Each structure stands twice: as structure tokens, then as C-alpha cells.
Amino acid sequence: MKEERKIRVLIAKVGCDIHERGALTLLHRFRDAGMEVIYTGRYQSPEGVANAAVAEDVDVIALSDHTGSMRIIAAAVLEALERLEATDIHILAGGLISPEDAEVLEGMGVSGNYGPGTPLDLIVDHVRRLVK
Amino acid sequence: MREKTISLDRKFGHMVRTATQSHIDLKSCYTPKDCEQLSYEADLGDPGEYPFTRGLYPDMYRDRLWLKSFIVSYSTPEETNAAFRQYIANGMTDLRLLADLPTQSGIDPDHPSAWNSMMCGGVATYALNVYEKMLQGLPLENVVYELAHCGISNFIYFYSLLVTLMENRGLDVTQLRGNSINDPVRAKLVYACPDFPTHIARRVCLDHIEYSVRHTPKWRPFAPNGVDPCQAGMDAVRELGGCLAVGTAICQDLLERGISVDDYGAMVFSLDAESDFFETIAKFRAARKMWAKIAREKLGAKTKRATQLKIGIRTSGLSLQSQKPLNNAARVTLQILSCILGGVNSLDASSIDEAVGLPSYEARLFNLDTQHIITHEANVPLVADPLGGSYYLEWLTSKLEKEVNRYLDEVEARGGIFACLESGWLNEVMEANRLKVQREKAEGKRLIVGVNAFQGEGEEGPINKAIQDVAYKVPSVALREERVREVKEFKESRNQQALKRSLKEIYRATKEGRNVTRPIIEAAKTGATLGEVTGVIRLGYGIPYDPFEQIETPALVGQLVKESE
């Protein structure tokens with residue numbers, strides 16, 4: 001029987017948003033849950049995130065943003081993934097996301113859309129379901 | 001059949017902690033024995049007397065209330081200007097300026113990395129024209145401005161814009177009041193700010209301070225910041241320790257430039273008002289006491305002014321929750337109260353809707369009104385240091401001092417605060433505490449109402465929903481496109497020769513080790529942007545123009561570099 005592959009997650013921040021605590025919190029929680037996690041750090045471009053996701057062969061990109069710009073950011077990352085023909089990578093989003101943003105994001109295929117204070121186990125379960 | 005009765009848990013909601021937020025273990029009661037070693041004269045002193053544990057002034061708030069402020073920075077200069085006017089009419093006395101996130105990182109709106117966070121968190125204040133719009137009709141004299149940005153490039157640049165505005169309006173620049181955070185450790189530790197590496201940031205920080213000490217004596221060009229390290233994971237001990245260490249290091253740097261701590265004058269720290277009520281009060285008292293001692297014993301202060309620490313506050317944004325946001329009113333009110341009981345000098349209180357978005361107008365009025373209520377209805381500020389003499393508080397103040405001193409010794413043993421930053425040790429300390437707190441929350445050892453305890457059942461009610469709905473929304477794609485167009489047109493419209501000359505002077509001053517402030521003021525007048533000034537200083541150090549290494553050096557800048565070789 002084949003040994004089960006660990007879920008691979010890229011946590012990413014695009015643009016100049018400085019709020020990093022959510023991303024760092026998830027980094028540790030995902031690792032504790034037995035996933036392989038890579039964090040891009042701040043100040044990334046959408047193309048850079050897509051390239052890293054492909055190079056690292058991740059299952060999920062977890063985008064974090066606290067500026068309220070997740071719609072713009074997710075759209076740019078999706079576009080970059082399309083160019084790389086890597087749209088099979090799931091995108092999960094979290095941070096400052098309004099209910100209206102969440103609706104639009106769901107429509108784009110971006111799931112989760114969790115706000116600050118979301119129980120971390122809920123997010124871990126979500127990733128596991130996505131990848132299954 | 002008997003009706004089933006509900007059971008009642010008498011232990012429901014009981015305390016789960018016996019230590020403060022920063023892990024200082026507490027007994028259930030404190031007595032005179034716990035304060036035996038303290039001497040009133042040496043450790044407390046009357047308000048207005050060294051070491052200022054009880055406050056900086058004899059009459060404290062009767063003489064002058066704390067400054068009421070908050071960062072006002074919406075997406076456009078017009079909205080921001082209108083908001084300032086409204087808040088001033090409601091009692092705001094201290095204007096905190098900020099910029100959008102790309103500007104704070106050192107780049108202009110037409111930079112490709114600006115797009116995704118453009119006009120978020122503030123105005124894209126890329127050049128003088130935007131400042132003119134944002135501050136149009138607002139006073140520049142007899143008002144306090146604070147620059148609360150991230151990157152060290154920002155402080156020197158926006159200070160230069162304020163000086164330029166005053167010079168252009170024919171005003172006396174010696175009357176410029178306020179402060180710049182200008183803390184190079186915070187810029188790297190918390191923000192990993194891309195504008196400058198730390199050795200450049202430290203030099204630019206000192207240039208700003210030196211120029212300001214000589215030309216705008218009422219401006220405090222440096223305010224070590226504990227707020228952001230604390231929000232990023234440091235506890236109260238390491239927050240205060242960090243400020244004291246950075247303050248000491250920069251004052252020692254200034255000595256090498258011939259500026260003594262007496263020349264410099266009063267120090268300002270920007271500290272965090274956290275949720276732990278007594279620990280926060282003790283922190284402010286310990287901060288004043290410790291700086292007074294350092295200034296006198298380590299930096300050789302001879303004047304009273306140089307031993308005085310002014311405390312500017314931002315209440316904890318991290319403590320605010322998006323779940324049941326009405327509860328944030330209780331959190332902020334307690335934090336404001338701790339500031340006033342701790343004798344702070346200026347107060348920027350977070351808003352109840354801040355976990356949801358940028359604060360709304362009404363939420364901010366609530367903050368101002370809370371301070372008015374504490375003053376006029378609760379009568380809290382009538383007496384200086386009203387908790388002074390409390391066995392618990394005096395013990396806690398003294399305990400914090402001991403813990404902070406232990407931390408300072410460790411920082412010193414590791415080569416000082418800048419070495420601790422460069423080696424990554426500060427980040428490790430910050431992360432370790434952050435994880436510890438995170439674990440405590442997950443294990444129910446630290447309860448946050450509405451988040452990991454007392455969540456309640458069902459949907460949130462209409463008041464909470466309303467708060468969630470009012471928060472300010474970020475600018476649309478169309479608005480961002482308009483801004484990019486505007487900055488491009490602005491750049492074309494400038495006198496290119498004058499611009500080149502002024503940028504060349506910044507380049508030369510950078511290379512020759514001269515103070516860059518005056519050249520930046522002159523450049524601001526020719527329309528030089530923040531991104532250009534930052535890039536030219538970087539080139540002066542032989543590193544790429546663009547902090548993100550995405551764009552080419554602009555042709556005009558390339559020319560001036562060539563001409564200077």
C-alpha cells in the first residue's frame with residue numbers, strides 16, 4: 001500500500017499588507033496537524049505566489065490579507081495560476097473579508113474566507129476536506 | 001410526570017488564570033510586606049519629581065489633559081481632510097498621520113507591487129501635492145502631528161513635507177509640534193519593511209533626529225515603539241525592554257553626532273495599552289521610572305527635561321474581536337481607563353469596529369466620548385496617580401522593573417538591541433511568546449469572550465450586526481486605476497531639471513555622509529516622490545533603486561547617478 005502523501009500548503013501574502021499574525025498562526029497549526037507548510041513571507045507578487053505554488057507542488061494556497069483587498073488579490077493569483085495551467089491547486093482565503101467579499105470569492109472558487117478568531121481546527125478540517 | 005429542571009453550574013465562568021497577561025505570577029493579596037524594599041523618594045517620588053513613577057507633572061491632568069488622538073487616514077486625501085475636521089470639532093487634539101501600505105513600504109502607487117494594497121489603511125501620500133490636499137485648511141502651528149508609519153523612509157520624508165508646507169505658507173518651522181515614531185528596530189522586527197536595510201534605516205533615522213533637534217525643537221523626531229512588537233507577540237516586559245534599549249542605543253548614536261540627551265530633551269515612547277488592566281498601568285509607571293534612571297545614570301542627563309519620558313498610547317487592536325463586536329466597547333473603555341490611571345500623555349484608542357475594517361466615524365466619536373465621560377462624569381483625572389500606594393500596583397510596578405532589567409541585561413550580553421535584531425534573536429523571542437499565548441488560548445487557559453469562551457448560541461443580534469456592517473470598505477479597482485493615472489501625470493508635470501538637481505543632492509549627501517534632511521526638503525518642493533527619495537538613497541548605498549527589485553531605475557535618476565560619478 002502506498003504511503004499517504006502529506007498535504008502540502010503554501011501560505012501566502014500578496015502586496016504590502018503588514019499583518020502577519022494570522023499567517024504565522026496558521027503556519028504552526030498546519031504543521032502541528034501534520035501538513036507540509038511553506039510560508040512565502042510578506043510583500044509577494046501574485047505571479048511569485050503562483051510560481052512558488054507550482055514549484056513546491058502544493059495542494060492548497062492559503063491566502064491571507066487584512067487590507068480588505070482579497071477579491072483583487074485572489075483574482076490576480078487565479079489568473080497567474082491559469083497561465084501556469086495549475087488551476088487544480090485549491091485556494092483558501094482568510095483575513096479581513098466582508099460577507100459580500102466572501103460571496104464573490106466563493107463564486108470564483110476561493111473557499112474558506114475565514115475571519116480573525118476562527119477556530120483553527122475548523123480551518124484544518126477544511127483543508128483536509130478540500131484535498132480529499 | 002415531573003417537569004425536568006435545568007441544572008445550574010455555580011462554577012460557570014470562573015477565573016482560569018493566576019498570572020497576568022505577561023505571565024507574572026500573582027498572589028491573591030498584597031500587603032505592606034510586599035513593598036518593604038520600596039522607598040517613596042527613590043522609587044516613587046511625588047508627581048512631577050524624579051523618577052516620575054507617579055507622573056511627569058505635579059498637578060497632572062488638572063494642568064493639562066492627555067492629548068486625544070487617532071490615526072485618521074482614509075483612501076483619499078479629501079475624505080481624510082473632512083474626517084480630521086469632524087474629529088477636531090469633537091475634541092481631537094492630536095492628529096496622527098498615516099499612509100497606505102505601499103507608501104509605508106517605500107514605493108509609489110505606480111509601482112507594480114502597490115496595486116494589491118493601494119489606498120488601503122490610508123492615503124497614497126506619494127508627494128507634496130497630496131499632503132497639500134490632505135491638510136488643506138488645517139492648522140500647522142499650535143497643533144500636534146504624529147507620524148505613525150512603518151518604513152524609516154517615511155518619517156524623514158513626511159516630516160520634510162510638513163516643514164515644506166510650513167515654509168511655503170511662510171510659517172515659523174520652530175513651531176512644528178508632534179513626533180515621528182522613526183524606530184528602525186520596529187521597522188524591521190515587526191514589518192520587515194523593504195524600504196531600507198537596517199544600517200541605512202539607522203543612519204536616516206539619525207539624520208532626521210539631528211536635523212529636527214537643530215531646526216524644529218518642538219518636534220520629537222523619535223519615539224521607540226512598543227505597540228507593534230507587542231501586537232506581534234512580545235509581552236509587556238519585552239515591549240518595554242525593547243523601547244528602553246532602542247532609546248538608549250539611539251541616544252548613544254546621537255552623542256557621536258554631538259547631541260547630548262540634554263540637547264535632545266524629553267523622550268517619547270509609543271506603548272501599547274493591553275487588556276490586562278493592572279499590568280498595563282504598572283507598565284506605564286515602570287517605563288517613566290526606568291527611562292529617568294537610564295537618562296541620568298547611563299546617558300548622563302543633567303536637565304530634568306531629559307529624564308522625563310512622555311508616553312503616547314495606542315490601545316491594543318489585537319484585543320478587539322470581530323465576534324460580538326459590541327464587547328469591544330468594554331475592552332476599549334478599560335484600556336482607556338488604564339492609560340489615564342497610568343498617567344499617559346497622549347492616547348489613540350482603537351475603535352469597536354476595528355476588527356471588521358477601518359474605523360467608522362461614529363465608532364471614533366464613541367472613543368472621544370468615552371474619554372469625555374471618564375473626565376467629566378467619572379472624575380477619574382482629578383487626582384494624580386490615584387492608584388499610587390496600592391500594595392499590589394506598587395509591587396507589580398517594581399516587579400516589572402526587575403523583569404525588564406533582567407531582559408535588558410540579556411540584550412546587552414547579546415551585543416545590544418541592533419545585534420539582537422540582526423541575529424534574529426528578537427524575532428525568536430517574539431515568536432516564542434506568540435506561540436505560548438496561542439497555545440494557552442487553544443487549551444482554554446486564556447479566555448477571550450465571544451471567541452473561545454462565552455460564544456453564546458445562534459446568530460448575533462441586531463446591534464452587533466450593525467457594527468459589523470458599518471466598517472469602512474476598501475477602494476475599488478476603478479479608484480486604484482485613477483490613482484495610478486494621477487501619479488503618472490503628476491510625475492510628467494514636474495520641472496524635470498529642477499527635480500534632477502534636487503535628487504542629485506540627496507544622492508551626493510547620502511554618499512558623502514552628510515545629513516540628507518535638507519536635501520529631501522528641497523526635493524519635496526520640486527515634487528520628488530517618496531519612492532524616488534527612497535530609491536535615490538538606496539542607490540547612494542550601492543543597492544538597487546527598487547526595494548522590491550521589480551522596476552528599473554527611472555531614466556532621470558540613472559542620469560543623475562552617472563553625472564555624479
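How each quantity is defined
- Residues numbered from 1 in each chain as written.
- Chains lettered and ligands numbered in written order.
- Predicted model: local features only at pLDDT ≥ 70, side-chain atom pairs only at ≥ 80, totals over all residues.
- Pairing = 2+ DSSP bridges.
- Helix = DSSP H or I, 4+ residues; strand = E, 2+ residues; numbered from the N terminus.
- Contact = placed C-beta atoms within 7 Å.
- Axes fitted to C-alpha atoms, helices over the stretch in contact; angles between N-to-C directions.
- Right-handed = clockwise from strand over helix to strand, strands pointing away.
- Domains from an automatic or database assignment.
- Nonpolar A, V, L, I, M, F, W, Y, C, P; charged D, E, K, R; others polar.
- Buried ≥ 20, exposed ≤ 12 C-beta atoms within 10 Å, placed from the backbone.

**Observations regarding the sheet that holds strand β8 (residues 346-348) of chain B**
Residue and element names in this part refer to chain B.
- Here eight strands make up an open sheet; going across it, the order is β5-β4-β3-β2-β1-β8-β7-β6 and the pairing parallel. On the outer flanks of this sheet lie β5 (219-220) and β6 (267-273), each paired with one strand and no other.
- Sitting on the sheet, helix α12 (residues 327-341) is in contact with β6, β7 (309-315) and β8, with an inclination near 180° to β7.

**So, the pairing of strand β4 (residues 177-180) of chain B**
Residues and elements named next belong to chain B.
- Sheet topology places strand β3 (residues 144-147) next to β4; four bridges connect them, and they run parallel. Bridge pairing links Tyr-145 to Gly-178 in β4.
- The parallel pair β3 and β4, bridged by helix α5 (residues 152-168), forms a crossover whose chirality is right-handed.
- Here β4 runs beside β5; their pairing, made up of two bridges, is parallel. The partner of Asn-179 across the bridge, within β5, is Arg-220.

**Section: the domain arrangement of chain B**
Residue and element names in this part refer to chain B.
- Structurally, chain B comprises domain 1 (40-66 + 223-419), domain 2 (72-221 + 466-496) and domain 3 (497-564).
- On a C-alpha basis, the centres of domain 1 and domain 2 stand 24 Å from each other.
- Of all the elements in the fold, those that place two or more residues in the side of domain 1 that touches domain 2 are α8 (227-231), α9 (236-256), α10 (261-264), β6, β8, α13 (361-376) and α15 (417-422).
- Considering each element in turn, the side of domain 1 that touches domain 2 owes the most residues, six residues, to α13.
- In terms of residue class, the side of domain 1 that touches domain 2 is built from 20 nonpolar, seven polar and eight charged.

**Some details on unusual backbone geometry**
Residues and elements named next belong to chain B.
- Note the cis peptide between Tyr-50 and Pro-51, where omega equals 0°.
- Residue placement: Pro-51 occurs in the loop between α1 (40-44) and β1 (67-71).
- For Met-60, which is not glycine, the phi dihedral falls at a positive 40°.
- Relative to the assigned elements, Met-60 resides in the loop between α1 and β1.

**Things to note about the pairing of β6 of chain B**
Residues and elements named next belong to chain B.
- Of all the seven residues making up β6, seven are buried; the element is thus mostly covered by neighbouring parts of the structure.
- Burial along β6 is two-sided: Met-267, Phe-269, Leu-271 and Ala-273 and Val-268, Ser-270 and Asp-272, pointing in opposite directions, are all buried.
- Pairing of β6 with β7 involves seven bridges; the strand directions are parallel. Considered in β7, the bridge of Ala-273 is made with Thr-315.
- Regarding the hand of the β-α-β motif, the stretch spanning β6, helix α11 (residues 277-298) and β7 is right-handed.

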